[in-house]
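Per-entry structural report
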Amino acid sequence: MIMRFSFIRREVGNGIRRNFTMTVALIVSVAVSLALVGAALLMRAQVDRMKGYWYDKIEVSIFLCGNTSVAFTCTGTVTDSQRNNIEAVLGSLAPTVQEIFYESSQDAYEKFQEQFAGSAILANISPDALPESFRVKLDDPANFEKVASALQSVQGVESIQDQRQLLDRFFQILKGLQSFAVAVAIAMLFVTVLLVMNTIRVSAFARRRETSIKRSVGASNISIRLPFILEAVVAAVIGSALASAGILAAKYWVIDARLAPNLTFIPFITWEQVLAIVPVLFLAGVGITVIASSITLRRYLRG
Amino acid sequence: MISFDNVTKQYKNTSAPALDSITLNIEQGDFVFLVGASGSGKSSLLRLLLKEETATSGIVTVDGINVAKLRNRKVPAFRRTMGIVFQDFRLLPGKTVFDNVAFGMEVIGKPKSEIARKVPALLELVGLDEKSHRLPSELSGGEQQRVALARAFINQPKLLLADEPTGNLDPATSVGIMKLLDRINRIGTTVIMATHDVAIVDQMRKRIVQMENGRIVRDQERGMYGHTGQ
């Protein structure tokens, strides 16, 4: 059945005008919940991006015995033959082990001097206090266990440190935040669904006489329900637009203007990643309202 | 055109059936008064014709269609083949006289040009062409019922159902409505009108189907409201 567009537009416009406060509530609710969904998605993208960036730079450090070491694999400072043996074991672990760097106590001391330049701590540290080490790059940071099990009982190895563990603790915190955002977003979406249902119910009730008249004149179900659904969709589109504007503003004014210049060591999400979220928000906003309003109408406008 | 074949309608939680083995035939172009006390089954009979209710047993046929077998999806299209007028007019309060009448055409997607042509002609027929931009609340009861009649008739239905159309109107106004209904009937439209209005029934001298406790107790051509001798 064909209905003229101008006729539907008039019906929808009338409905929104009569139901103005509820429509505003619906717009705000959609905007807030979708902004949270957007924030959760942005955080996930950010975590993924940082993981990719940092995992690439992650090393496994194999600290060698010094004269004060107490590990059972240590008998005083590491000897040349022990050191050569360790290097040979690392070499045999290819392709898991991709690159091997040796860092002497002197190298470590120089690095330390650089990092703590001007600090009083420097005066108490001599090159001997810093252990020499092998720095090893893996093909996949997850393969740490392979390296650890091959080396943990080799003479001359004091300890093996996985930098990923340090990072993972940080990522865990980010993940916690992300789950929190997701939980709040789900709660808000739930509220939005209820609000859509209530808005539709109120406007269906307010127009029940009109609806029954339309039905007795032979209006089809779709022509009776469509104005209600379109009213909700108009609100959802406006709400989605506000939420999208919110996340774009966050990228422009918070990430690009404030965070990125100060935290140069963190790779932030790109504009492409942010823009990719916008259609998701629109789809979610419109989809949820269409489904929620259709279900409600089926219940309240039976016929 | 319309036939009830041994139709019974039993509502849930009631002991006596609202319609009890009704058999009735109405031909194309007939004008039938459906009379009887409240609760005698007049409204149930009309509701079955509109498929607002479905018969418990028996077959209701309208224009060759077995109403019980009609799919829900097809009900709107089925209702558009008939015009309906109610006691309480049922005009859309936010729409003007013109838009109310046009609504019957809008819902079936008629083009604007056709609406612009037919609605004023019909409003002229019911004598409301001067008031086409008024709202229903600005009209008298008789005027509102004439708008409702125009809306019911806008798509030239073959069947017009009227449920106590003069119930809220004074006698003089009622006569005007009856004249319109008679006019619609004269061009071949079947009219079924449920009513209590003795004066109107007696004056029109049309076929009378009288109901009592869900049964038809009288079916008489050119009848009077009261029983013979009254």
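Okay, so let's go over this structure. (Residues numbered from 1 in each chain as written. Chains lettered and ligands numbered in written order. Predicted model: local features only at pLDDT ≥ 70, side-chain atom pairs only at ≥ 80, totals over all residues.)

1. Examining the overall build of chain B
Rules: Starting at the N terminus, helices and strands are each numbered in turn, a helix being any DSSP run of H or I of at least four residues and a strand any DSSP run of E of at least two. Each residue is classified by how many other C-beta atoms fall within 10 Å of its C-beta atom, where C-beta atoms are placed from the backbone; a count of 20 or more means buried, 12 or fewer means exposed, and values in between mean partly exposed. By definition, residues are in contact whenever their C-beta atoms, placed on the basis of the backbone, come within 7 Å of each other.
Looking only at helices and strands, chain B has seven helices and 10 strands in total. Split into buried and exposed, the 230 residues of chain B put 43% on the buried side. Considering only residue pairs separated by 6 or more positions, chain B has 67% of its internal contacts joining residues 24 or more positions apart.

2. Concerning the packing of helix α3 (residues 97-106) of chain B against helix α4 (residues 112-125) of chain B
Residues and elements named next belong to chain B. Which entries qualify depends on this criterion: Each axis is a line fitted through C-alpha atoms, taken for helices only over the stretch in contact, and angles between the N-to-C directions span 0 to 180 degrees. Oblique is the label for any angle not covered by the other classes, which are roughly parallel (under 35 degrees), roughly antiparallel (over 145) and roughly perpendicular (65 to 115). Rotating anticlockwise by less than a right angle from the far helix to the near helix defines a left-handed crossing, while the corresponding clockwise rotation defines a right-handed one. Polar here means any residue other than Ala, Val, Leu, Ile, Met, Phe, Trp, Tyr, Cys and Pro, which are nonpolar, and Asp, Glu, Lys and Arg, which are charged; Gly is therefore polar.
Two elements in contact, α3 and α4, have axes separated by 10 Å at closest approach and are oriented at 120°. Here α4 runs oblique to α3, going by the angle between their axes. Judged by the twist between their axes, the crossing of α3 over α4 is right-handed. Between α3, through Val-97, Phe-98, Val-101, Ala-102 and Met-105, and α4, the contact on the second element is made entirely by Glu-114, Ile-115, Val-119, Leu-122 and Leu-123. Taken together, the residues of the contact of α3 with α4 break down into nine nonpolar, no polar and one charged.

3. Examining the environment of A:Ala40
Residues and elements named next belong to chain A. When you line up the elements, Ala-40 lands in helix α2 (residues 20-55). Sequence-wise, Ala-40 and Val-182 are 142 residues apart; in three dimensions their C-alpha atoms are separated by 5.7 Å. Those residues in contact with Ala-40 that sit more than four places away from it in its chain are Gln-178, Ala-181, Val-182 and Ala-185.

4. With respect to unusual backbone geometry
In this model, A:Ala94 is joined to A:Pro95 through a cis peptide bond whose omega is 5°. Within the secondary structure, A:Pro95 is located in the loop between α3 (80-92) and β2 (97-103). Even without a glycine there, the phi angle at B:Lys51 is positive, about 55°.

5. Focus: the nonpolar core
To keep it simple, the criterion reads: One nonpolar core equals one set of buried Ala, Val, Leu, Ile, Met, Phe, Trp, Tyr and Cys residues connected by C-beta atoms within 7 Å.
B:Leu34, B:Val101, B:Leu149, B:Ala150, B:Leu160 and B:Leu161 are the most contacted members of the largest nonpolar core, which has 70 residues in total. Once you skip the residues sitting within four places of it in the chain, B:Leu34 turns out to touch B:Lys42, B:Leu45, B:Ile192, B:Met193, B:Ala194, B:Val209 and B:Met211. In terms of nonpolar packing, the next biggest core, distinct from the first, is built from 31 residues, A:Val37, A:Ala40, A:Val196 and A:Leu281 among them.

6. Things to note about the sheet that holds strand β8 (residues 190-195) of chain B
Residue and element names in this part refer to chain B. Just so we agree on the cut-off: The rule for pairing is simple: two strands pair if DSSP sees at least two bridges between them.
Reading across from one edge, β6-β7-β8-β3-β9-β10 is the order of the six strands in this open sheet, with mixed pairing throughout. Each end of this open sheet is capped by a strand with a single partner; those strands are β6 (82-86) and β10 (215-220). The average undirected angle you get between the axes of adjacent strands in this sheet is 15°. For strand β3 (residues 31-35) and β8, the ladder comprises five bridges, and the chain directions are parallel.

7. Concerning the sheet that holds strand β2 (residues 19-26) of chain B
All names here are of chain B. Here four strands make up an open sheet; going across it, the order is β2-β1-β4-β5 and the pairing antiparallel. Each of the sheet's edge strands pairs with one partner strand only, and the pair in question is β2 and β5 (65-66). In this sheet, β5 lies alongside strand β4 (residues 57-62) in antiparallel orientation, the contact comprising two bridges. What sits directly across from Val-62, in β5, is Ile-65. Packed onto the sheet, helix α1 (residues 42-50) meets β1 (2-9), β2 and β4 and runs at close to 115° relative to β1.

8. Some details on the interface of chain A and chain B
It is common to report an interface's size as the accessible area lost on association of the parts. Taken residue by residue, the interface counts 16 residues in chain A and 14 residues in chain B. When residues of the side of chain A that touches chain B are traced back to their parent elements, those giving at least two are α1 (5-18), α7 (208-216) and α8 (221-262) of chain A. Among the elements that make up the side of chain A that touches chain B, the one with the highest residue count is α7(A) (four residues). Looking at the side of chain A that touches chain B residue by residue, the class counts come to seven nonpolar, six polar and three charged.

9. Re the pairing of β4(B)
Residues and elements named next belong to chain B. Note: β1 against β4, five bridges, orientation antiparallel. By the bridge assignment, Ile-2 is partnered in β4 with Val-62. Taking the residues that link successive antiparallel strands as the turn, the β4-β5 hairpin has two residues, and the phi of Asp-63 there is positive, at about 55°.

10. Re the packing of α2(A) against helix α6 (residues 163-206) of chain A
Residue and element names in this part refer to chain A. One way to put it is that α2 packs onto α6 with a least axis distance of 8 Å and a crossing angle of 160°. Regarding the angle of α2 to α6, the classification is roughly antiparallel. Where α2 crosses over α6, the handedness of that crossing is left-handed. When its residues are assigned to classes, the contact of α2 with α6 shows 26 nonpolar, five polar and three charged.

11. A closer look at the environment of B:Leu160
Residues and elements named next belong to chain B. Its location among the elements puts Leu-160 in strand β7 (residues 159-163). C-alpha of Leu-160 to C-alpha of Ile-184: the two residues are 24 residues apart in sequence and 8.8 Å apart in space. Filtering out sequence-adjacent residues up to four positions away, Leu-160 remains in contact with Met-82, Gly-83, Ala-152, Phe-153, Ile-184, Thr-189, Thr-190 and Val-191.

12. Quick look at the pairing of β10(B)
Within a regular strand, the side chains alternate between the two sheet faces. Residues and elements named next belong to chain B. Direction of pairing for strand β9 (residues 207-212) relative to β10: antiparallel, over a ladder of five bridges. Bridging from a neighbouring strand, Met-211 pairs with Ile-216 of β10. In this structure, the hairpin formed by β9 and β10 is closed by a connection of two residues, where Asn-213 is found at a positive phi of approximately 50°.

Read these as spatial facts, not as claims about activity.
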